[in-house]
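# Chain and residue survey
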Amino acid sequence: MNLLPKSSKEFGSVDYWEKFFQQRGKKAFEWYGTYLELCGVLHKYIKPREKVLVIGCGNSELSEQLYDVGYRDIVNIDISEVVIKQMKECNATRRPQMSFLKMDMTQMEFPDASFQVVLDKGTLDAVLTDEEEKTLQQVDRMLAEVGRVLQVGGRYLCISLAQAHILKKAVGHFSREGWMVRVHQVANSQDQVLEAEPQFSLPVFAFIMTKFRPVPGSALQIFELCAQEQGKPVRLESAERLAEAVRERQQYAWLCSQLRRKAKLGSVSLDLCDGDTGEPRYTLHVVDSPTVKPSRDNHFAIFIIPQGRETEWLFGMDEGRKQLAASAGFRRLITVALHRGQQYESMDHIQAELSARVMELAPAGMPAQQQVPFLSVGGDIGVRTVQHQDCSALSGNYVIEDVQGDDKRYFRRLIFLSNRNVVQSEARLLKDVSYKAQKKRKKDRKKQRPADVENLPAAPGQSIDKSYLCCEHHKAMIAGLALLRNPELLLEIPLALLVVGLGGGSLPLFVHDHFPKSCIDAVEIDPSMLEVATQWFGFSQSDRMKVHIADGLDYIASLAGGGEARPCYDVIMFDVDSKDPTLGMSCPPPAFVEQSFLQNVKSILTPEGVFILNLVCRDLGLKDSVLAGLKAVFPLLYVRRIEGEVNEILFCQLHPEQKLATPELLETAQALEQTLRKPGRGWDDTYVLSDMLKTVKIV
């Protein structure tokens, strides 16, 4: 029996509802959930002794069940005479104090301020089917009547799907009247969503509009969102922000429904936010492994990424997460990254916090009551200490943080919050600078000076292990010095270098310390980065190393225009990122590889010199164009791909006859390395120059 109307407009028709209830008979029709599904939110906002008006009651059992648990003063109205007669007959004996009246809710016959609660389960949604003028006028009359019959302090409690036009109308109407507006998501509604369409699911919300006494001249508006019965409401600044928050929860419900249906959604990620502050607390990535054969125990698992390791390839890149999921052997793996600025007590605490939410993302076919394993590296949540936070006019907000690596060593990192999963600069801390030692120093200093202690470094300058290069692309760039030939002489003869892009200063500082005859010009556009490098990464200028605060484009153009007096460099290194995230190439900015600028670079490079460029480009077409442009200016071009990263290091030289076959290249790298390994050089034994050049290819 099809009871659906031919068009949504019929929901507002008396004739439609008369026919609907005649055909359905006495079988209850429940919009948006049963009493058991809604009782949590109903009991929170309705007190048993309050006088309640239910508008558009239909033949729902909600009023009857409220009555049976102690809510006795309930009046029900509906526009359908058929359903009112049915409900009177059903309840006359069993619920004598509850009344049912045929009445139009847009023209109610009750005196002003007759009720403390007006309860609406789906009625507003049924009436507000479109935004035509006639419909909106009818809704205005309905909401005006709701306001009239409610006492000051009373509540309009409306159960709704909160579709955009309905939320806009309800929130707009009552906020203009000076009422407090709260939207409360019904708990566990993802498990009892209304299937509005075969491929779309909507969660259920309750609007709680509280009537305040009018205050002449007051423009105060209160908007709140509550995610669960026991949760603390979050105050929002505007109706628009409230609508956005509701939309986010609807999108999440849709995502959960699609994941249950095994829909092919591609890469799926989402943030779970702190219920009190609204700040992101966890970032989840859903990774399915279709090649894993299903068994009783391998349906689903959660992997907690230790703090500070979310930037690693295995955890921070799609391909890495796929490899992790496949090796874990689960059909679906959810990786969980922990956000900086949030406090986490323990792995057990994280499990308790996530258990209910992540189950909403479980795959179809998982046995009921099955335990979901929580996995991690080493069984702990890692260590992250934010040492400093600030904002640069050019680079935006950034943090300096110390994290513990998988070898229990500590590393200091510079992170731009506009791209929080990318480490801009990294340095290893000396072994004696342990986490406990840092905490002790802070505690001791706190006794002496209460203010600003948290913003001080654990051990400025001296805490950095300057002999160690953390970044693989920096190691490859240093290995490129082997292209200069006669590497054993590099420590004995002057070596002029230009480094564009300072960051934490690790690259120029390493060259400065290991090549005693080197003279380095470093160019950095952002003065804040020089402060960061100096204060937090052990960088310092000397008579052999100077930093120039300038745009690298302008600086090199100025040098190139110097005529015969212009300087010439043996090595030019570009390690500069783009500030525009919309480009397919994030390093370097496109202007740094334009033909005219490359000609400027060529003019300040010695004939036997090498131009080394860190390239990060996900657009294959753009990358091919960049390589072709470089080869047009520098006929000899080597490429070294950094395994597990997007970075590629390009080594450019002017003369094809400088070309070294792989065996020769490795031989020169080994010769340079042997020289650097001599006693007193401070060379790190784990760094093998020749390994950096084994996979170099000539373009």
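Look up a bit, the structure's there.
Below: a short report on this structure. This one's a predicted model, so the numbers in the text were calculated from it and none came from an experiment.

## Looking at the side chain of Thr335
Note on placement: Thr335 falls in strand S15 (residues 332–338). Filtering out sequence-adjacent residues up to four positions away, Thr335 remains in contact with Thr283, Leu284, His285, Phe303, Ile305, Arg321 and Leu324.

## Details of the sheet that holds strand S13 (residues 280–288)
Ordered in space as S12-S13-S15-S14-S16, the five strands form an open sheet in which the pairing is mixed. Each edge of the sheet is formed by a strand with only one pairing partner; in this case those strands are strand S12 (268–273) and strand S16 (374–376). Taken over all neighbouring pairs, the strand axes of this sheet differ in orientation by 25 degrees on average, direction set aside. In this structure, S12 lies alongside S13, joined through six bridges in antiparallel fashion. Looking at the pairing, Asp271 lines up with Thr283 of S13.

## Comments concerning helix H8 (residues 239–260)
Counted at 1.5 Å a residue, the expected span for H8 with its 22 residues is 32 Å, and the 32 Å between its end C-alpha atoms agrees. Listed in full, the buried residues belonging to H8 are Leu242, Ala245, Val246, Gln250, Tyr252, Ala253, Leu255, Cys256, Ser257, Gln258 and Leu259.

## Looking at helix H16 (residues 552–560)
Buried within H16 we find Gly552, Tyr555, Ile556, Leu559 and Ala560. For H16, the angular spread of the buried residues around the axis is 130 degrees, confining them to a single face. Away from the buried face of H16 by more than 90 degrees, exposed residues Asp554 and Ser558 are located. Contacts made by the buried residues of H16 are with strand S21 (495–500), strand S22 (518–524), strand S23 (545–549), strand S24 (569–574) and helix H17 (595–603). With a side-chain oxygen positioned 2.9 Å from the backbone nitrogen of Leu553, the residue opening H16 is Asp551.

## Digging into the sheet that holds strand S2 (residues 74–78)
Spatial strand order, S3-S2-S1-S4-S5-S9-S6-S10-S11: nine strands in an open sheet with mixed pairing. At either margin of the open sheet sits one strand with a lone partner, and together these are strand S3 (99–102) and strand S11 (234–236). The average angle at which neighbouring strand axes cross in this sheet is 20 degrees, direction not considered. As defined by bridge partners, strand S1 (residues 52–55) adjoins S2 across four bridges and the pair is classed as parallel. Counted as the bridge partner of Ile55 is Ile77 from S2. Across the sheet, helix H6 (residues 133–149) is in contact with S1, strand S4 (115–121) and strand S5 (150–160); its angle to S5 comes to roughly 140 degrees.

## A few points about the pattern of salt bridges
Across all of its chains, the model carries 22 salt bridges by this definition. Residues Arg332 and Asp288 are paired through a salt bridge, measuring 2.7 Å at the closest nitrogen-oxygen approach. Of this pair, Arg332 sits in strand S15 while Asp288 is found in strand S13, placing the two residues 44 residues apart along the sequence. The closest approach of N and O atoms between Arg340 and Glu310, which form a salt bridge, is 3.7 Å. Here Glu310 lies in the loop between strand S14 (300–305) and helix H9 (313–316) and Arg340 lies in the loop between S15 and helix H11 (347–359), a separation of 30 residues in the sequence. No difference in accessibility class separates Arg340 from Glu310, as the two residues are buried.

## Observations concerning the packing of aromatic side chains
Within this structure, the stated rule accounts for 10 aromatic pairs. Feature note: the residues Phe574, Phe592, Phe597, Phe611 and Phe634 constitute an aromatic cluster, connected by ring pairs. One Lys or Arg, Lys51, reaches over the ring of Phe115 and ends 5.3 Å from the middle of that ring. One Lys or Arg, Arg428, reaches over the ring of Tyr468 and ends 3.8 Å from the middle of that ring.

## Observations concerning unusual backbone geometry
Leave glycine aside and you will find that most residues have negative phi; peptide bonds, for their part, are mostly trans. Residue Pro588 follows Cys587 across a cis peptide bond; omega there is -5 degrees. Note that Pro588 resides in the loop between strand S25 (585–587) and H17. One non-glycine residue, Ala113, lies in positive phi territory at about 55 degrees. Mapped onto the elements of the fold, Ala113 is located in the loop between S3 and S4. Ala113 sits in the partly exposed class, given a relative accessible area of 37%. A positive phi is found at Ala162, a non-glycine position, where the angle reads about 55 degrees. Within the fold, Ala162 resides in the loop between S5 and helix H7 (164–176).

Rules behind the numbers
Residues numbered from 1 in each chain as written. Predicted model: local features only at pLDDT ≥ 70, side-chain atom pairs only at ≥ 80, totals over all residues. Heavy atoms only, no water. Helix = DSSP H or I, 4+ residues; strand = E, 2+ residues; numbered from the N terminus. Contact = heavy atoms within 4.5 Å. Pairing = 2+ DSSP bridges. Axes fitted to C-alpha atoms, helices over the stretch in contact; angles between N-to-C directions. Expected span 1.5 Å × (residues − 1). Buried < 20%, exposed > 50% of the residue type's maximum accessible area, 1.4 Å probe, protein only. Arc of directions from axis to C-beta. Polar contact = N/O pair within 3.5 Å; in protein donor to acceptor, adjacent residues only side chain to side chain. Salt bridge = Lys/Arg side-chain N within 4 Å of Asp/Glu carboxyl O. Phe/Tyr/Trp six-rings, centres within 6.5 Å; stacked < 30°, edge-to-face > 60°. Lys NZ or Arg CZ within 6 Å of the ring centre and 35° of its normal.

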